[in-house]
Amino acid sequence: MTVLEDIQHTIASELSQLNECMTEALSTSNELMNEIVGNYLKTKGKQIRPILVLLSAKLFGGITDATIDAAASIEMLHNASLIHDDVVDDTLTRRSRPTVNAIWDNHIAVLVGDFFVSSSLHKAVATGDLRIIDTISHLGRILSLGEIDQINKARYHDITEESYLEIIGSKTASLFVACIKMGGYSVNASDEDIERMCRFAQLFGLCFQIRDDIFDYFEDSRVGKPTGNDLREGKITLPLLHVLSIDTLPHHKEMNELVRNDELSSEQIATLISYAREFGGIDYAYDCMSRFRDEAVEIISHFPDTEIRRSFISLFDFIIARHN
């Protein structure tokens, strides 16, 4: 049993309630929508985000009906973003299954994504907590702006580590921060405790995205995307950013000029990937994750030593060590 499976086992009944809640929320009188949603929900992914909502509620007190609704809300919004991303990126498979746009078409996929968004908001309203409603609606804004910011920075080749961390803070870490807030609000946790764990979630999200970005530098069928895909889309991630910032490295000027090309050939992408790997970019990214992880452990050490606290740390270690 993996670390994630072990955590899922400890909250199995709550995850079952969550999935029933989502199925009910997404059920309609429209046969086509029900068919599309039913097919989509056959593979649920890791469900790390709703797991964080449930774990945070347990850390702060105990899971309530509002916690389940909040977890369903954030998972549906996350899935909406995946469906829309698949349209934008023309992705044909996800989780080893055809995407909504691959089976039907982009028009239907966009509408299904919109349906997930509205269903997410509906579940947030069901909690009766304006703080949860505000969190999920604000999150939608942050995710959209983060994506636009990434596109803008790629267009103008704004390739600094600071801008990279800002982008992944918005488009990835913000979602995990919202998980902690919604779990805390659902059990009326103190503002101080929620604020402390929000920093934990921020660090968790940064590591989640950095690990995701490392996948792009290695060929591995478990990852599900081709090597160099980020560079192909104009995204410069931490391993390469680091080595490009070291002006004493060989070919420093040449590599910095190369990465500023609006389009890169497969050969150029392979050159940049090799450059990042050869001169310590991957090691640097792992060192960053290690520092973030140490800070996160220090933060959560302020809470009692319970199985839930240990689960948070185990989940953090899992997202750093994962292979997909």
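Described in the following lines is the structure provided in the data block. (Residues numbered from 1 in each chain as written. Predicted model: local features only at pLDDT ≥ 70, side-chain atom pairs only at ≥ 80, totals over all residues. Heavy atoms only, no water.)

### A look at the pattern of salt bridges
Side-chain pairing between opposite charges can occur once the charged atoms of the two side chains come close. Applying the stated criterion to the full structure yields 13 salt bridges. The closest approach of N and O atoms between Arg 94 and Asp 86, which form a salt bridge, is 2.7 Å. On the basis of relative accessibility, which here comes to 4%, the residue Asp 86 falls in the buried class. With its nearest N and O atoms 3.2 Å apart, the salt bridge here joins Asp 212 to Arg 322. Remark: Arg 322 occurs in the segment after helix H16 (307-321) and Asp 212 occurs in helix H10 (residues 191-214); sequence separation between them is 110 residues. On the accessibility criterion, Asp 212 (25% relative accessible area) is partly exposed. The exposure class of Arg 322 is buried, given its relative accessible area of 5%. Here the salt bridges share partners, and the residues they tie into one network are Arg 293, Asp 294 and Asp 317. (Salt bridge = Lys/Arg side-chain N within 4 Å of Asp/Glu carboxyl O. Buried < 20%, exposed > 50% of the residue type's maximum accessible area, 1.4 Å probe, protein only. Helix = DSSP H or I, 4+ residues; strand = E, 2+ residues; numbered from the N terminus.)

### Re helix H13 (residues 252-259)
Residues of H13 that are buried include every one of His 252, Met 255, Asn 256, Leu 258 and Val 259, and no others. Along H13, the residues classed as buried sweep out an arc of 160 degrees about the axis, all on the same side. Of the surrounding elements, those touching the buried residues of H13 are helix H11 (229-232), helix H12 (238-244) and helix H14 (266-278). (Arc of directions from axis to C-beta. Contact = heavy atoms within 4.5 Å.)

### Things to note about unusual backbone geometry
Its identity as a non-glycine residue notwithstanding, Gln 47 has a phi of 55 degrees, on the positive side. With relative accessibility at 10%, the residue Gln 47 sits in the buried group. Residues other than glycine seldom take positive phi values, yet His 251 does so here, at roughly 60 degrees. Topologically, His 251 is positioned in the loop between H12 and H13.

### Remarks on the side chain of Glu 75
Inspection of the secondary structure puts Glu 75 in helix H5 (residues 65-89). Glu 75 gets classed as buried once you look at its relative accessible area, which sits at 2%. The residues touching Glu 75, leaving out its near neighbours within four places in the chain, are Met 22, Lys 44, Gln 47, Arg 49 and Pro 50.

Everything listed here is a matter of coordinates, which is why it stays silent on function.
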